[in-house]
Amino acid sequence: MRAKGIVQTGFILTLLGIAAPALAQSPAGTLMTDAREIATCLCLNQSVLKREGELGAVRATYEALRRSIADQTTALNAKRPTVNVNDPMSVDAFRAQMEKRDDDEARLEQDVYPGLQTQTTAYNARVADYSQRCGGRYMDEPVLKAVQKTLVCTIDP
């Protein structure tokens, strides 16, 4: 199972707190007063949060399938010594379990893991865009409130 542990290598950009600062008021950065700029940051923030949710769902699918494969492998290893090789039905049942595990491994490597990589790349790109445009900046409170009242995001969430 080649994909095992690859996600743990740290390619996911974990920037906790990157999405939330769009609304934070921190005097440490520069002040945004332009309504379009604030709207862009708010929409980017929404997009980051949406992609984070999508990434979490794909990662949960990946982890569930990975655990299932590990459980199947454990069960197969435990059952292997008890298979009666002289009983074709026993051999066929064992073979069917192995094929299911192998099919799940193939699905993990060919579908689920590449999907996780795609979602991770999309999330990281959006976080980088947000960080570049909005990171370390804070929003003028009156302009922020006015923008929030009529905010319509056209950024691809």
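Residues numbered from 1 in each chain as written. Predicted model: local features only at pLDDT ≥ 70, side-chain atom pairs only at ≥ 80, totals over all residues. Heavy atoms only, no water.

Moving on: the state of the cysteines. Throughout this description, disulfide means a covalent bond between two cysteine sulfur atoms. Overall, the coordinates contain 2 disulfides when judged by the stated rule. Between the sulfur of Cys41 and that of Cys134 lies a disulfide, 2.0 Å long from S to S. Of note, the bridge from Cys41 to Cys134 carries an S-S torsion of about -100° and is left-handed in sense. Separated by 93 residues along the polypeptide, Cys41 in helix H1 (residues 35-79) and Cys134 in helix H2 (residues 88-134) bring together distant segments of the chain. Of the two residues, Cys41 and Cys134, both sit in the buried class. A sulfur-sulfur distance of 2.1 Å marks the disulfide that ties Cys43 to Cys153. For the disulfide bridge between Cys43 and Cys153, the dihedral angle about the S-S bond is near -85°, and by the sign convention the bridge is left-handed. (Disulfide = S-S within 2.5 Å. Helix = DSSP H or I, 4+ residues; strand = E, 2+ residues; numbered from the N terminus. Buried < 20%, exposed > 50% of the residue type's maximum accessible area, 1.4 Å probe, protein only.)

By size, the foremost hydrophobic cluster in this structure holds 22 residues, and its most contacted members are Ile38, Leu42, Tyr62, Leu108 and Met139. Ranked by the residues each element gives to this core, the list is headed by H1, at 10 residues. (Core = buried A, V, L, I, M, F, W, Y, C linked by side-chain atoms within 4.5 Å.)

Let us now look at the confidence of the model for the protein chain. For the protein chain, per-residue confidence averages 85 on the pLDDT scale, and residues scoring 70 or more make up 82% of the total. Below pLDDT 50 for its whole length, residues 1-27 participates in 56 contacts with residues either more than four positions away or in separate chains. (pLDDT = per-residue confidence, 0-100. Contact = heavy atoms within 4.5 Å.)

Pairing of side chains with opposite charge becomes possible as their charged atoms draw close. Applying the stated criterion to the full structure yields 10 salt bridges. Across the pair Glu54 and Lys50 runs a salt bridge, and its minimum N-O distance is 2.5 Å. Of the two residues, Glu54 and Lys50 both sit in helix H1, 4 residues apart, roughly one turn of that helix. Judged by its relative accessible area of 26%, Glu54 is partly exposed. Close ionic contact of Asp129 with Arg133 constitutes a salt bridge, the shortest N to O distance being 3.1 Å. You can see Asp129 and its partner Arg133 sitting in helix H2, 4 residues apart, about one turn around the helix. Accessibility expressed as a relative area gives 41% for Arg133, which makes it partly exposed. (Salt bridge = Lys/Arg side-chain N within 4 Å of Asp/Glu carboxyl O.)

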